[in-house]
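# Examination of the molecular architecture
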Amino acid sequence: MIRHSLVLAATAALTAHAFAPAAMAAQVEIEAEGPVIELSVFESVTAEPDLVTIGAGVSTQAPTAVEAMRQNSVQMRSVIDRILALGVAEEDIQTTGISLNAQYDYDRSSQRQIFRGYQVSNRVSVKLREIAETGAALDALVAAGATDLSGPNFSIEDDEAAKDVARERAVERAQQRALAYAQMVGYDDVRVLSIGEAIRGSGAAPRMQMRSLAADVEAAAAPVQPGQVSTGVSITIKYEMVQNEAE
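Pro152 follows Gly151 through a cis peptide bond whose omega is -5°. In this structure, Pro152 sits in strand S6 (residues 148–155). The backbone phi angle of Gln111 is positive, close to 55°, even though this residue is not glycine. For Gln111, the location among the structural elements is in the loop between strand S4 (93–107) and strand S5 (112–128). Residue class for Gln111 comes out exposed when judged on its relative accessible area of 61%.

Take helix H1 (residues 65–85) next. The α-helix advances 3.6 residues per turn, and as a result positions three or four apart in sequence lie on the same side. With 21 residues, H1 extends 30 Å from end C-alpha to end C-alpha; this agrees with the ideal 30 Å at 1.5 Å per step. Listed as buried for H1 are Ala68, Asn72, Met76, Val79, Ile80 and Ile83. One face of H1 carries all of its buried residues, which in axial projection span an arc of 95°. What points out from H1, more than 90 degrees from its buried face, is the exposed set Val66, Val74 and Ala85. In this structure, the buried residues of H1 make contact with strand S3 (51–62), S4, S5 and helix H2 (134–143).

With that out of the way, let us pick up the side chain of Arg191. Following the sequence through the fold, Arg191 ends up in strand S7 (residues 189–203). Note on Arg191: relative accessible area 17%, which makes it buried. A distance of 2.4 Å separates polar atoms of two side chains, one belonging to Arg191 and the other to Glu240.

In this section: the packing of aromatic side chains. Aromatic rings in a pair are described by how distant their centres are and how their planes are angled relative to each other. All told, the structure shown has 2 aromatic pairs when counted by the stated rule. Relative to Phe115, the ring of Tyr104 has its centre 5.7 Å away and its plane inclined at 70°; by these criteria the two rings are edge-to-face. Of this pair, Tyr104 sits in strand S4 while Phe115 sits in strand S5, placing them 11 residues apart in sequence. On the accessibility criterion, Tyr104 (45% relative accessible area) is partly exposed.

For the rest of this paragraph, the subject is the pattern of salt bridges. Going through the model one piece at a time under the given rule, you end up with 12 salt bridges. One salt bridge in this structure joins Lys238 and Glu38, with 3.9 Å as the shortest N-O distance. Taken together, the positions of Lys238 in strand S9 (residues 229–242) and Glu38 in strand S2 (residues 36–47) put the pair 200 residues apart, joining distant regions of the chain. Accessibility expressed as a relative area gives 49% for Glu38, which makes it partly exposed.

The next thing to look at is the confidence of the model for the protein. This prediction gives the protein a mean pLDDT of 79; 77% of its residues lie at or above 70. Note on residues 1–28: pLDDT under 50 across the span, and 43 contacts to partners over four residues away in sequence or across chains. Low pLDDT, under 50, characterises residues 203–220; the stretch is placed with 37 contacts to residues that sit more than four places away or in other chains.

Here we take up the nonpolar core. Counting 24 residues, the largest nonpolar core has Val79, Ile83 and Leu141 as its most contacted members. Those residues in contact with Ile83, other than ones at most four positions away along the chain, are Val88, Ile93, Val124, Val126 and Leu141.

Our focus in this paragraph is the pairing of S3. S3 sits mainly inside the fold: 9 of its 12 residues count as buried. Bridge count for S3 against S6 is 6 bridges, and the pairing is antiparallel. Paired with Ala56 across the strands is Leu149, a residue of S6. Bridge count for S3 against S5 is 11 bridges, and the pairing is antiparallel. Bridging across to S5, Gln61 finds its partner in Gln119.

Reading guide: rules and limits
Residues numbered from 1 in each chain as written. Predicted model: local features only at pLDDT ≥ 70, side-chain atom pairs only at ≥ 80, totals over all residues. Heavy atoms only, no water. Helix = DSSP H or I, 4+ residues; strand = E, 2+ residues; numbered from the N terminus. Buried < 20%, exposed > 50% of the residue type's maximum accessible area, 1.4 Å probe, protein only. Expected span 1.5 Å × (residues − 1). Arc of directions from axis to C-beta. Contact = heavy atoms within 4.5 Å. Polar contact = N/O pair within 3.5 Å; in protein donor to acceptor, adjacent residues only side chain to side chain. Phe/Tyr/Trp six-rings, centres within 6.5 Å; stacked < 30°, edge-to-face > 60°. Salt bridge = Lys/Arg side-chain N within 4 Å of Asp/Glu carboxyl O. pLDDT = per-residue confidence, 0-100. Core = buried A, V, L, I, M, F, W, Y, C linked by side-chain atoms within 4.5 Å. Pairing = 2+ DSSP bridges.

Take a look at the structure:
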C-alpha cells in the first residue's frame, strides 16, 4: 500500500488555509487552540475494466529432466506463438515461473517411493487489452497446448482519473461530517490541520482457476463477463473545531 502525507507547515509566511510545498515545509502540524477531531473516510469509484490478465501454463512429464524440459519448451513455444498471433504485444507476456521436479509413486507392497520421472511446469502471465476477446483467447490457448489456465483478473490500467473523483468525494464527505460534529458540540466551523492518504489499487474480479485439456474444448468461446471493478482512496483528515469571530 502506497502512502502519501500532505501536512500543513507552521511557518511565518503560511496562511491559515494554505499548504506549504513538501520540499520546503517542516513536517510540523499547526497547533490547535480548539478541540481536534480526526476522521478516516474511504471512497471508491466503479468503472468498466479495460485490462484483463490471464495465466497460461504447460506441464510435461518424461523419464529424464532433459527430455521433460525439451517437451515443455516445444509446447510452451506453441502457446506463446498463439498468444502473439492473437495480437498481444511481447511486453504484455511475462514468464511467471518455471519448475522442475522429480516425480515418485508410492509402492505399498515395498513401502517405498518409486521414481517415475520428471515434471516441468512453465507459466506465463498475459495482459489482454480487448476485453471482448477474452473467451476466445482462453480457448485458443488450450487448443495451442496450455494444460492449465488461471484468471481472468479484470482491472483498470490507468485509474488516476477515477481516484481523483474518489478523492473529491472523500474530502467533501469528511468536511461535512466534521462540520456536523463541530456544530453538535457548539462550534461554528472546522479548520484542516493535516491530511493523510492511502491509495487502494483497482479491485479485480475474484480470481477463477481453470484447468482444462485441449480435448475438452468446445466449439463456442468460453463466456466471460467483465462486470465492473472499483478503485479508491482512504483519507485521514484532522480538523480543529473553531468559533467564527463576532461581527
